[in-house]
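# Coordinate inspection notes
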Amino acid sequence: MAVCSAYTTQSLNSTCSISTPAKTHLGFHQKQVVFYRRSSKRGGSGSSSGPCVITCSAGDSQTVVIGLAADSGCGKSTFMRRLTSVFGGAAEPPKGGNPDSNTLISDMTTVICLDDYHSLDRTGRKEKGVTALDPRANDFDLMYEQVKAIKSGVAVDKPIYNHVTGLLDPPELIKPPKILVIEGLHPMFDERVRDLLDFSIYLDISNEVKFAWKIQRDMAERGHSLESIKASIEARKPDFDAYIDPQKKYADAVIEVLPTQLIPDDNEGKVLRVRLIMKEGVKHFSPVYLFDEGSTISWIPCGRKLTCSYPGIKFHYGPDTYFSNEVSILEMDGQFDRLDELIYVESHLSNISTKFYGEVTQQMLKHADFPGSNNGTGLFQTIVGLKIRDLYEQITSSKTAAPLEATKA
Ligand SMILES: Nc1ncnc2c1ncn2[C@@H]1O[C@H](COP(=O)(O)OP(=O)(O)OP(=O)(O)O)[C@@H](O)[C@H]1O
Ligand SMILES: O=C(CO)[C@H](O)[C@H](O)COP(=O)(O)O
């Protein structure tokens, strides 16, 4: 019998028994989850050391799993704050836990950061000459097993990567929430993890914009030099191109952030052109459209109902292809002068999954101080948040409706 030590599961509303990994039939209330014991030595390789199985009785409810991929400093935290706000209630780190935990918990959602699956700590990466973006610095077996366990209603002891010390800290308990968001560098990298996702999003920030945001945060707020910011971006680029960027082809929605086309040769990166690329045919997700579904439309909303200063605002909507997939793309270039007037734009968008007229505008006004609230990044993040709420409601209602359907048949 294998013994699970540091990284094991804990049952929810039930007891777990540890057994050898035999292939057995999985009953409706009985789940078997394979876990890998992993070394927690500082700087250690963190390699797996044999599976053990924990058999648990889990709750009936299934967790909806959302993946959010992006490079560091590309707005994941901001997006998460918008998303959790759509579900109501503030997201906070686990109470009484590690103060350096990367996890955020609210009533409905738990957001876990995939940096916690780094198998090499900062020293270990330095010694082996690999970056955190390199798959060799991450434990995808553990990521898969734990996300699978949570999805099927079983709590897990998830490791913590401490960004302050650069070390792997003792694990924290993650109970299955209604919605689990896995955010970080690699949510769609491993096919097994990817298959567990009910919906996936990629934040695609162009190099120019990423640079401008990094300067804003790391230079203005963290005192780094321009040279060190450039060097850090350059050092990450080969692995970013090899392992992070290719994930966007799997995403159900991509938010692409580019320099504006409204100001010729703009290099300030303040005015942005943002594209919301939405895959067609995704279960429980119907793309947003402007005016008329499937048409190609260019729209300048500035005028009597929307105040715009230079360089104005331009929308574009239409069907397209993206990595050979059929998509709809909604684009906004420019920025809002007055957020309360956003209702004018909102009223021309359809399929935005609001529960009442003006909900997008209300959300945007509520978080007017978040980065990107005056442009397409904030607008599209808010809309994707509403679409995720809708997807969650469809998935859960189809589950409760299923036995009725069966009775009818
Ligand atoms: N939509 C936006 N518009 C302008 N700046 C933004 C936007 N989103 C993020 N930023 C800038 O990027 C910085 C990082 O944002 P955020 O913390 O949300 O990213 P992150 O991906 O979670 O970063 P990390 O992974 O490094 O923690 C912010 O402090 C802000 O300066
Ligand atoms: O890309 C990152 C994800 O946020 C970090 O750089 C990675 O987690 C390594 O962490 P640190 O910067 O603490 O060494």
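Since this is a predicted model, take the numbers as computed values, not measurements. (Residues numbered from 1 in each chain as written. Chains lettered and ligands numbered in written order. Predicted model: local features only at pLDDT ≥ 70, side-chain atom pairs only at ≥ 80, totals over all residues. Heavy atoms only, no water.)

Moving on: the UniProt feature "domain: Phosphoribulokinase/uridine kinase" (unreviewed entry) in the protein. Within this numbering scheme, the UniProt entry marks residues 65-263 as carrying the feature "domain: Phosphoribulokinase/uridine kinase" (unreviewed entry). Taken end to end, residues 65-263 is 34% helix and 23% strand, and its two terminal C-alpha atoms sit 40 Å from one another. (UniProt positions renumbered as here; feature names shortened; annotations may be inferred. Helix = DSSP H or I, 4+ residues; strand = E, 2+ residues; numbered from the N terminus.)

Right, let's get into the nonpolar core. Judged by nonpolar contacts, the single largest core of 57 residues is most densely connected at Phe-199, Leu-330 and Leu-379. The biggest single contributor to this core is helix H9 (residues 376-408), with 9 residues. Structurally, this core is a two-domain feature, drawing no fewer than three residues from each of domain 1 (60-207) and domain 2 (252-396). Residue contacts for Phe-199: discarding those within four places in its chain leaves Val-65, Ile-66, Gly-67, Asp-252, Ala-253, Val-282, Phe-285, Val-384, Ile-388 and Leu-391. In terms of nonpolar packing, the next biggest core, distinct from the first, is built from 33 residues, Ala-69, Leu-133, Ile-244 and Ile-329 among them. (Core = buried A, V, L, I, M, F, W, Y, C linked by side-chain atoms within 4.5 Å. Buried < 20%, exposed > 50% of the residue type's maximum accessible area, 1.4 Å probe, protein only. Domains from an automatic or database assignment. Contact = heavy atoms within 4.5 Å.)

The environment of ligand 1 is formed by 14 residues, the closest being Gly-73, Gly-75, Ser-77, Thr-78 and Thr-377. Taking Gly-73, its main chain carries an N or O atom lying 2.9 Å from an oxygen atom of ligand 1. Within the backbone of Cys-74, an N or O atom sits 3.1 Å from an oxygen atom of ligand 1. About the coverage of ligand 1: the protein hides 79% of its 630 Å² of free accessible area. Going through the elements one at a time, helix H1 (76-86) and helix H5 (207-221) are the ones with two or more residues in the shell around ligand 1. Class assignment for the residues of the shell around ligand 1 results in 3 nonpolar, 8 polar and 3 charged. In this structure, the shell around ligand 1 is formed jointly by two domains, domain 1 (60-207) and domain 2 (252-396), each of which donates at least three residues. (Near = heavy atom within 4 Å. Polar contact = N/O pair within 3.5 Å; in protein donor to acceptor, adjacent residues only side chain to side chain. Areas by Shrake-Rupley, 256 points an atom, 1.4 Å probe, with all protein chains shown as cover. Nonpolar A, V, L, I, M, F, W, Y, C, P; charged D, E, K, R; others polar.)

As a further point, take the state of the cysteines. Counting across every chain of the model gives 1 disulfide. A sulfur-sulfur separation of 2.2 Å characterises the disulfide bridge that pairs Cys-302 with Cys-308. With the S-S bond torsion at -85°, the cross-link from Cys-302 to Cys-308 turns out left-handed. Cys-308 sits in the partly exposed class, given a relative accessible area of 23%. (Disulfide = S-S within 2.5 Å.)

Take the domain arrangement of the protein next. Domain parsing of the protein yields domain 1 (60-207) and domain 2 (252-396). Summarising the inter-unit geometry, the C-alpha centres of domain 1 and domain 2 are found 26 Å apart. Of the roughly 2400 Å² buried at the junction of domain 1 and domain 2 (both faces included), carbon and sulfur atoms supply 65%. In terms of surface lost to domain 2, no three residues of domain 1 exceed Arg-82, Val-86 and Phe-199, which account for 31% of the buried area on that side. On inspection of domain 1 and its partner domain 2, the count reaches 13 residue pairs in polar contact (both at pLDDT 80 or more). At the level of secondary structure, the elements contributing two or more residues to the side of domain 1 that touches domain 2 comprise strand S5 (64-69), H1 and strand S11 (199-205). Split by residue class, the side of domain 1 that touches domain 2 holds 13 nonpolar, 5 polar and 5 charged. (Buried area = accessible area lost by both parts, 1.4 Å probe.)

The next subject is the side chain of Glu-172. Along the chain, Glu-172 falls in strand S9 (residues 168-174). Accessibility expressed as a relative area gives 9% for Glu-172, which makes it buried. Reaching out from Glu-172, the side chain makes a polar contact with the side chain of Ser-101 at a distance of 2.8 Å. Contact partners of Glu-172, with chain neighbours within four places excluded, come to Pro-94, Ser-101, Thr-103, Asp-116, Val-156, Asp-157, Lys-158 and Ile-160.

Okay, the packing of aromatic side chains next. The tally for this structure, following the rule as stated, stands at 8 aromatic pairs. Ring geometry for Phe-189 and Tyr-243: centres 6.2 Å apart, planes at 75°, overall edge-to-face. Taken together, the residues Phe-189 in the loop between strand S10 (179-184) and helix H4 (191-194) and Tyr-243 in helix H6 (residues 226-244) connect sequence positions 54 residues apart. When its relative accessible area of 23% is taken as the criterion, Tyr-243 is described as partly exposed. Members of the aromatic cluster, each reached through a chain of ring pairs, are Phe-291, Trp-299, Phe-315 and Tyr-344. The lysine or arginine in question, Arg-81, covers the ring of Phe-370, its NZ or CZ lying 4.0 Å from the ring centre. (Phe/Tyr/Trp six-rings, centres within 6.5 Å; stacked < 30°, edge-to-face > 60°. Lys NZ or Arg CZ within 6 Å of the ring centre and 35° of its normal.)

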